[in-house]
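# Inside the fold
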Amino acid sequence: MRRTLICIILAVIFPGIDAPGQNRAAIDSLLRCLRTSSPDTFRVKIFLDLYYEFHRSNLDTAMEYAKKGKSLAEELGFIRGLSNATYRLGAGYNNLRNFDLAENEFLQVVKYAELLQDTIELSVAYSGLARVYLGKNEFDQAASAYLHALKLLSTTDDRNSQARILNELGSLYKKQLQFDKALTYYEDALHIVRDLKFQPGISSCLLNIGSVYIDLKEYQKALPYLTESLKIKKETGDRLGEGRCLLNIGNLQRELRNFELAHKLYTESLKLLEAVINPQEINRVQYNLSLNEVQRGDFEKALLYGKAGLAQSQVNRDLDMNIKCRTLLADTYAALNKTDSAYEHARMSKILSDSLYNEKIIELSTELDAKYQNEKKQKEIVDLSSKNQLNALQLQKRENERNYLIVLTLLAIFLGFVIWSRYRIKVRSNEKLKELDRAKSHFFANISHEFRTPLTLILGSAKDLLLRSKSDEDYSGLVTLQRNASRLQQLIEQLLDLSKLEGNKLKLNVEPSNPGNFLRAITSSFTSWAAQKNIRLNIHVPQENIIAYFDQDIVEKIVYNLLSNAIKFTPEHGQVSLSASWTTVALHIRITDSGPGIPPATKERIFERFYQLDDSNTRMQEGSGIGLALVKELVSLHHGQVLVESERGEGATFLITIPIQEKEYSPSESALVHHENAGIPVLMESNSAQTYPKNLEPAAENPIILIVEDNIDLSHFIGDHLPEYSIILAGNGVDGLKKSIQHVPDLIISDVMMPEMDGVELCQRLKEEEKTSHIPVILLTAKADIDSRMEGLVTGADDYMTKPFDARELQIRVANLIHQREKLRARFSRTVVLKPKDIAITPPDEGFLAKVMAIIENHLSDSEFTVEEFQKEVGMSRMQLHRKLKALTGHSAGDFMRIQRLVRASDLLSRTSSNISEVCYQTGFTSLSYFAKCFKKQFGTTPKAYASDHSHLF
């Protein structure tokens, strides 16, 4: 690994060093190792060495090996190998000018180096990033990356790597034509490598310095550097570096118009570069050979070298060199009067140049900016020289102004910090208050769910007692009980609505409606209450018929809360008014009362949750503090506004404005069609399982209902209101599933949230179990929102009821479901040929019927095949099979087998020429008289008559 890393560093830092590539023997040896090695860290190193052997001659192959190495290192968790493979991929993408991918790879190397805490490798990663930025002409970012790498290396003893960074910084400024800076960095690098006596580094620095002097056209200065560099490269056997030196010296001689000598140098350089297989440098030599021949007038030779250069640039995918070669070929063909070829190469050069237009524009703007900055600095130098002649007083004045500015700046920063700190404290306080408010809502919502089960019992019992009450005194007390329970139910609904609003679960359901009819309907229910309190209720709603778009449920809650408050806080003999009006764009509702009013100081806070004013003279002395908060949130949800006008002792007026145009609402806020029975509820937690004392063994003649509920009082309540059924109880889902399989009831009523197994899972398990899939299930839920209903449909629940529920409604729903099953059974009992798809309730039931029919068909002629053997093959107990078939078809297992035999017999009599005796024994009957008796009972005719009536079919 160390060998590979050194090769990379030398190849990148000092371009003149010949890396160990293009060695056929080495490649063969590595491939043999690859075939025999196991997938370990050594195999990763082989992949990376193969990358290095191919990266000059075949970059695509090299990249594939790097990717394989990276994948294996990642699989092994080999961070060092992962870092080195990622670095090679970055270098490869950079050579392909895919700078975005290269940048991404080098950024990954930075992370791996930081993980390894390897300063040198981190500096190498930053220098790789710098080369990417350099390729994108982002010189400032490139310089910043190089300087960061140099800073990292200053903490190490790796002076060789420091020289590498200095060398690359020189190349950066050379590309920007800032030759003075380039020479400075190159010479600093040369000083380090001379101290280290590192000959390859010395020759590379000399070559770079010589190339700068060539760009400056100071050829006499350039020649000694290039000559010394060439000598070192020959001594060290660096054939690639030697070829580059010869190329640069050839360029120098061409500029001096020594064309013959330049040609000789180019030719020697080409031989060396072809021997080490360096396509990019070969392409440069071919181009310069062609240029040399053009300048001395030998256009035929120029054409030969130019074509070779063009072909090599296409292989290398080097767009810049392709454009240069085509431009040179266009000039060459033009000199030979071959205008068609000249035009074609000029046209292609223009097309390719356009593809680089944006890049050239960026480069040009960068150069212009650099020149501008340089000129600006020169001007500043001149200005400073003149300003040096200013007197000491002016200098002192400036210093005083600067100090004054510093003091003001520090003061401003301090004041800003104080203001910012106070702002942050206020923001955090507000966040804490909001968090506390959310916690209150969440707590009360959870408590509300817990209230629903006992509230169901209270309201149900109150209704039952009201119906049976005999004295006025009892009736009055029960009415009070029912009214307060209803009030409690209203508060629970408000808390749940607030919770939904906070969780963004309460959605608008806007639909077209007549607002006048709607408002008159919902306000009429307040007439009797107002009359009981001797309050005059005035309703002013126009009779005009219009169609407006609004959510009826939301508007009803808003009006209900405001009217309830108005009547509650208005004293006896007072009055409450509701007036409505509308325009083409909005509905306006005004509710006014003659109560004690609201103090001006508290009007802004009455819409806050749980806010109550401790003042017996105002309307805020009672209540929960959630009604008006809910109104505010509901109006906002409906994109409307609510305002309050009030003075102490003068009553209060609430103004509601709601938009009624369809375009004011998004498609998701439009009315949806909700299915009647959709929904699985999200339920409250429950107590431990308990048992119900009666009907543990169901009477055979009554339908069996299994109640799965962990609240003993609610179990009693439900059982008491279903007296015509046999009741079995279970205290949780696990017990409920066990008893469902054991007894196969006609219907199951289940709570949702219970210990051990909840109602959702129970319902799902029941519908998946063959023995119970046909049983209808009613879920009891504490929520009635659309999401909860949809969840119920997914589990296969047949119906749901929301707590608190009316016992009479439960009785009706139970009766309906059982009646539906009876109708299906009656339908089958009238059907001669059983078709599972027409009879089954669910796909599992359809599969069950198909299964039992297939079993009977397989034993059709076996007269010894009994019900006991039948139930064993089905995989159920005798009772389970009996109740399952009875629930689906209305027939016992024995009757079901007999009917299927008779159906098959009728089929044989109508389709074949078999006689009655043969059909009798083929369908499992041993007595011809018994067969004839059963056949006549099933089909109303004898087998002989049936065969005669259907004889025309065969």
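As the structure is a prediction and not an experimental result, all values here were calculated from the model.

Let us now look at the pairing of strand β10 (residues 747–751). Counting buried positions along β10 yields five of five residues, so the element is predominantly enclosed. Where burial is concerned, the two faces of β10 agree: the one with Leu747, Ile749 and Asp751 and the one with Ile748 and Ser750 are both buried. Strand direction decides the pairing type here: strand β8 (residues 704–708) and β10, joined by four bridges, are parallel. Bridge pairing links Val708 to Ser750 in β10. With respect to chirality, the unit in which β10 leads through helix α28 (residues 759–768) into the neighbouring parallel strand β11 (residues 777–781) is right-handed.

Our next topic: helix α4 (residues 59–76). Taking 1.5 Å per residue, 18 residues should reach 26 Å; α4 reaches 26 Å between its end C-alpha atoms and fits that length. Looking at α4, one finds that the buried residues are Leu59, Ala62, Met63, Tyr65, Ala66, Gly69, Lys70, Leu72 and Ala73. As for α4, its buried residues are in contact with α2 (24–36), α3 (41–54), α5 (79–95) and α6 (99–116). Downstream of α4 by a residue or two, Gly77 has a phi angle that is positive, lying close to 70 degrees.

For the rest of this paragraph, the subject is the sheet that holds strand β4 (residues 575–582). What links the strands of a sheet is backbone hydrogen bonding, and the strands pair in either a parallel or an antiparallel sense. The strand order β2-β4-β5-β7-β6 describes an open sheet built from five strands, whose pairing is mixed. Each having just a single partner strand, β2 (536–540) and β6 (641–646) make up the two edges of the open sheet. Each neighbouring strand pair of the sheet contributes to a mean axis angle of 10 degrees, computed without reference to strand direction. Seen against the sheet, helix α22 (residues 515–523) touches β2, β4 and β5 (586–593) and runs at an angle of roughly 165 degrees to β4.

The share of residues in the chain with pLDDT of 70 or more is 80%, and the mean pLDDT across the chain is 78. Predicted confidence is poor over residues 360–372, with pLDDT under 50, and the contacts of this stretch with residues over four places away or in other chains come to five contacts. Note on residues 614–624: pLDDT is under 50 here. Beyond four places in sequence and across chains, it has 33 contacts.

Mapping Ser564 onto the fold places it in helix α24 (residues 552–568). On the basis of relative accessible area, Ser564 is assigned to the buried category, the value being 9%. Those residues in contact with Ser564 that lie beyond four places of it in its chain are Phe526 and Trp529.

In this section: the pattern of salt bridges. Under the defined criterion, the tally for this structure stands at 25 salt bridges. Between Arg765 and Glu761 there is a salt bridge, with the nearest N and O atoms lying 3.5 Å from each other. Note that Arg765 and Glu761 are positioned in helix α28 at a spacing of four residues, about one turn of the helix. With relative accessibility at 36%, the residue Arg765 sits in the partly exposed group. Between Asp799 and Arg813 there is a salt bridge, with its nearest N and O atoms 2.8 Å apart. Highlighted residues: Asp799 in strand β12 (residues 799–802) and Arg813 in helix α30 (residues 807–829), separated in sequence by 14 residues. Taken as a pair, Asp799 and Arg813 share a single burial class, namely buried. Linked through salt bridges whose partners overlap, the residues forming this network are Asp100, Glu103, Lys136 and Glu138.

Pairing is parallel in the open sheet, where five strands are placed in the order β9-β8-β10-β11-β12. If you trace the sheet from one side to the other, it starts and ends with β9 (726–730) and β12, each paired once. On average, each strand axis in the sheet is tilted by 20 degrees relative to the strand beside it, whichever way the strands run. Pairing between β10 and β11: four bridges, direction parallel. Looking at the pairing, Ile748 lines up with Val777 of β11. Strand contacts of helix α27 (residues 733–743): β8, β9 and β10, with the helix running at about 140 degrees to β9, the strand carrying the most contacts.

Here we come to the packing of aromatic side chains. Using the criterion set out here, one finds 10 aromatic pairs in the structure. Centroid distance Phe518 to Phe550: 5.4 Å. Interplanar angle 55 degrees. Geometry classified as tilted. You can see Phe518 sitting in helix α22 and its partner Phe550 sitting in strand β3 (residues 548–550), a full 32 residues away along the chain. No difference in accessibility class separates Phe518 from Phe550, as the two residues are buried. Members of the aromatic cluster, connected to one another through ring pairs, are Phe47, Phe54 and Tyr65.

Conventions and cut-offs
Residues numbered from 1 in each chain as written. Predicted model: local features only at pLDDT ≥ 70, side-chain atom pairs only at ≥ 80, totals over all residues. Heavy atoms only, no water. Buried < 20%, exposed > 50% of the residue type's maximum accessible area, 1.4 Å probe, protein only. Helix = DSSP H or I, 4+ residues; strand = E, 2+ residues; numbered from the N terminus. Pairing = 2+ DSSP bridges. Right-handed = clockwise from strand over helix to strand, strands pointing away. Expected span 1.5 Å × (residues − 1). Contact = heavy atoms within 4.5 Å. Axes fitted to C-alpha atoms, helices over the stretch in contact; angles between N-to-C directions. pLDDT = per-residue confidence, 0-100. Salt bridge = Lys/Arg side-chain N within 4 Å of Asp/Glu carboxyl O. Phe/Tyr/Trp six-rings, centres within 6.5 Å; stacked < 30°, edge-to-face > 60°.

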